[in-house]
Amino acid sequence: FPGAATFVPDTLDLADLATSARECRGCDLWEPAEHVVFGAGSAGARMMLVGEQPGDQEDRRAAPFVGPAGILLNRALAQADIDREVTYVTNAVKHFKFTRGSGPRRIHQKPLRSEVTACHPWLQAELRAVDPEVVVLLGATAAQALMGPSFRIGASRGEVLALGDAKAVATVHPSAVLRTDDADRDAAFDGLVADLRIAAGLLR
Ligand code: URA
Ligand code: SF4
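Quick summary incoming for the structure in this document. (Residues numbered from 1 in each chain as written. Chains lettered and ligands numbered in written order. Predicted model: local features only at pLDDT ≥ 70, side-chain atom pairs only at ≥ 80, totals over all residues. Heavy atoms only, no water.)

## Focus on the overall build of the protein
When helices and strands are tallied, the protein shows eight helices and eight strands. If one aligns the C-alpha atoms of the protein with their principal axes, the spans along those axes are about 45 × 40 × 30 Å. Here the protein, with 204 residues, has 49% of them falling under the buried criterion. When contacts within the protein are restricted to residue pairs at least 6 apart in sequence, long-range pairs at least 24 apart make up 72% of them. The positive charge centre, built from 22 side chains, and the negative charge centre, built from 26, are 3 Å apart in the protein. (Helix = DSSP H or I, 4+ residues; strand = E, 2+ residues; numbered from the N terminus. Buried < 20%, exposed > 50% of the residue type's maximum accessible area, 1.4 Å probe, protein only. Contact = heavy atoms within 4.5 Å. Lys, Arg positive; Asp, Glu negative; His and termini not counted. Charge placed at Lys NZ, Arg CZ, Asp CG, Glu CD.)

Below is the structure:
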């Protein structure tokens, strides 16, 4: 893929970046998707949260983490005493990748590393524009996009990591909590909250 670099304007203005992202053709994911889903939140946010890619509802509504994973994330943030309104929420990949099943449902597909790499200039631009103190990496795709391909959530979640001038904490993806067996889901949710608390603690 050619990558997003030539589509990213030289600006720290998030609204300008988001507008330009609509024209991105840095990989093939733009074509079947309904919308680009750029990050959302406060330009002055001290905390940035990075997911994998938008899901079905995010693609329809052009907003990150508004579907089932977003509802779970909101609950976890509330339990960790983090106000989502003062964060900036985005994804490693800005277009929804999916296959079509038999019905109207669109089935999420994990992005290729080459797609994550193609989209990386947008994430870098968001990091420059928001300049957060703490970055929360939600799941392996986000963590590997920023910490390198050998990063393992299982081994390093909840650790305080260095990411340029910022600190980072990696944790499980909210969708992974949703997919956890009933018997273990509460524990998985509590683990996410515990990691978010570590991230929040870095701001104080
Ligand atoms: N999963 C993600 O990684 N990001 C979203 O925005 C929604 C679901
Ligand atoms: Fe551009 Fe990223 Fe969308 Fe690919 S996924 S077209 S690189 S915005």
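## Observations concerning the site of ligand 1
Taken together, Gly51, Glu52, Gln53, Pro54, Gly55, Glu58, Pro64, Phe65, Ala69, Asn91 and His173 make up the full set of residues near ligand 1. In isolation ligand 1 offers 230 Å² of accessible surface; the protein chains occlude 93% of this area. Across the shell around ligand 1, the residue classes tally to four nonpolar, five polar and two charged. (Near = heavy atom within 4 Å. Areas by Shrake-Rupley, 256 points an atom, 1.4 Å probe, with all protein chains shown as cover. Nonpolar A, V, L, I, M, F, W, Y, C, P; charged D, E, K, R; others polar.)

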